[in-house]
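# Structure at a glance
One-letter residues, chain by chain:
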Amino acid sequence: MAAELVRLKPDVIFAYGGDVAPHVKKATGSIPIVALVSNDPVQSGLVASIPRPGGNITGITLVYDELAGKVIELLKEAVPAISRVAVLWNPDHADPEFQETRRAATALGVQLQSLEVRQSGDFDAAFNSATKEHAEGLIIISTRLLLQRRQPIVEFGTRNRIIMAGNWSDWVKDGFLLTYGPNPALAMRRIAVYVDKVLKGTRPADLPVEQPTKFELVINLKTAKALGLVVPQSLLARADEVIE
């Protein structure tokens, strides 16, 4: 599909997703590419560096390095008694979020369980493992694969009364207790700015890859009530949005 798109000779190509962008990059070394990815574009080989991407590709990444551990810190603050938390993630997705979450869990004295999913068929085993280990909480590290399985994930957590948290606000609207991270909708709007600059003649190699600077804490009080939890007022006061 990427090769077919290149044959149309567009002025610029927008690539949505870290699993899509490499195929577009492979298909052309001359047509400008603007990408929105949730993985690390340097670690995945998409660009040479964040400030100087080089080549014909630039864009925006939603990766936020050391702040990734903030989700479990906020979960522990919301539910101080929680001690066993599972993390659902795709190891093939190049980003530091699981490692940072593990680092934060160790500092907090929280037992962390790794639930690795690389394809759709891996989810049932991951869910069974979480149940077997009596996970009290479940943290989602967002990737396309997990977003495609959004409904089964939410249903599993709700059915087993597991306290769920993640990094994109869409999850909290589905019933997670809280989310903390960048807003993908704002990033998509920023992509339009990058495309505009490229169309006006700026080379992708001269446009640094943009990283998130704004992070949103969203809390779902309906979920808290259903779980019999009382979210501390100090945490609610810091929230960017509270769903009641």
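In case you missed it, the structure is sitting above this.
A few points on the structure. (Residues numbered from 1 in each chain as written. Predicted model: local features only at pLDDT ≥ 70, side-chain atom pairs only at ≥ 80, totals over all residues. Heavy atoms only, no water.)

### Side note on the side chain of Glu97
Put simply, the test is: Strands are runs of DSSP state E lasting at least 2 residues, helices are runs of H or I lasting at least 4, and numbering of each runs from the N terminus. A 1.4 Å probe rolled over the protein chains alone gives each residue an accessible area, and that area as a share of the maximum for its type sets the label: buried under 20%, exposed over 50%, partly exposed in between. Two residue types count as positive, namely Lys and Arg, and two as negative, namely Asp and Glu; His and chain ends fall outside the count. By convention in these notes, a salt bridge is any Lys or Arg side-chain nitrogen within 4 Å of a carboxyl oxygen on Asp or Glu. Contacts are assigned to residue pairs that have any heavy atoms within 4.5 Å of one another.
Mapped onto the elements, Glu97 comes out in helix H4 (residues 97-108). Here Glu97 sits buried without a salt bridge, and the closest side chain of opposite charge, Arg103, lies 12 Å off (N-O distance). When neighbours within four sequence positions are excluded, Glu97 is seen to be in contact with Ser38, Tyr64, Ala68, Ile141 and Asn167.

### What about the pattern of salt bridges?
One pass over the full model with this rule turns up 11 salt bridges. Arg190 is the salt-bridge partner of Glu210, the closest N and O atoms lying 2.8 Å from each other. A residue pair is termed long-range when its members are at least 10 positions apart, and Glu210 in the loop between helix H9 (184-199) and strand S9 (216-220) and Arg190 in helix H9 qualify at 20 residues. Relative accessible area serves as the criterion here: at 24%, Glu210 is assigned to the partly exposed category. On the basis of relative accessibility, which here comes to 32%, the residue Arg190 falls in the partly exposed class. Taking the shortest distance from any N to any O, the salt bridge between Asp196 and Lys200 comes out at 3.1 Å.

### Points about the sheet that holds strand S2 (residues 33-37)
Definition in use: Pairing between strands is defined by DSSP: at least two bridges between the two strands are required. Every axis in this analysis is a line fitted to C-alpha atoms, fitted for helices over the stretch in contact. Angles between the N-to-C directions lie between 0 and 180 degrees.
Judged by pairing direction, the sheet is parallel, and its 3 strands sit side by side in the order S1-S2-S3 without closing on themselves. Edge positions in the sheet fall to strand S1 (13-16) and strand S3 (57-61), since each has one partner strand and no second. Going across the sheet, the axis of each strand differs from the next one's by a mean of 20°, ignoring polarity. Bridge count between S2 and S3: 5 bridges; the pairing is parallel. Its bridge partner being in S3, Leu36 is matched across the sheet by Ile60. Strand contacts of H9: S1, S2 and S3, with the helix running at about 170° to S2, the strand carrying the most contacts.

### Digging into the sheet that holds strand S5 (residues 111-116)
One open sheet holds the 7 strands; their spatial order is S5-S4-S6-S7-S8-S9-S10, and the pairing between them is mixed. Whereas interior strands pair on both sides, the edge strands pair on one side only; in this sheet they are S5 and strand S10 (241-243). Across the sheet, the mean angle from the axis of one strand to that of its neighbour is 20°, orientation sign disregarded. Both S9 and S10 contribute to a ladder of 3 bridges, which runs parallel. Within S10, the residue paired with Ile219 across the bridge is Val242.

### Things to note about helix H5 (residues 123-132)
Definition in use: The arc in question is the one spanned by the directions pointing from the helix axis to the C-beta atoms.
Along H5, the residues that are buried comprise Phe123, Ala126, Phe127 and Ala130. In a view along the axis of H5, the buried residues occupy a sector of 100°, so they form one face of it. The exposed set on the far side of H5, more than 90 degrees from its buried face, consists of Asp124, Ala125, Asn128 and Lys132. Among the structural elements, strand S4 (84-89), S5, helix H6 (144-148) and helix H7 (150-159) are those in contact with the buried residues of H5. His134 lies just past H5 and shows a positive phi near 55°.

### A closer look at the nonpolar core
Formally: To form a nonpolar core, buried Ala, Val, Leu, Ile, Met, Phe, Trp, Tyr and Cys residues must be joined to one another through side-chain atoms within 4.5 Å.
Within the largest apolar cluster, 35 residues are counted, with the highest numbers of intra-cluster contacts made by Leu88, Phe123, Leu138, Ile140, Leu146, Ile153 and Phe176. Residue assignment for this core shows that the elements contributing at least two residues are S2, S4, H5, strand S6 (137-140), H6, H7, helix H8 (169-173) and H9. Per-element tally for this core: the top contributor is H9, with 5 residues. Once residues lying within four places of it in the same chain are set aside, the contact partners of Ile140 are Leu88, Leu146, Ile153, Ala165, Gly166, Asn167, Trp171 and Phe176. By size, the runner-up hydrophobic cluster in this structure holds 31 residues, among which are Val85, Ile163, Leu177 and Leu236.

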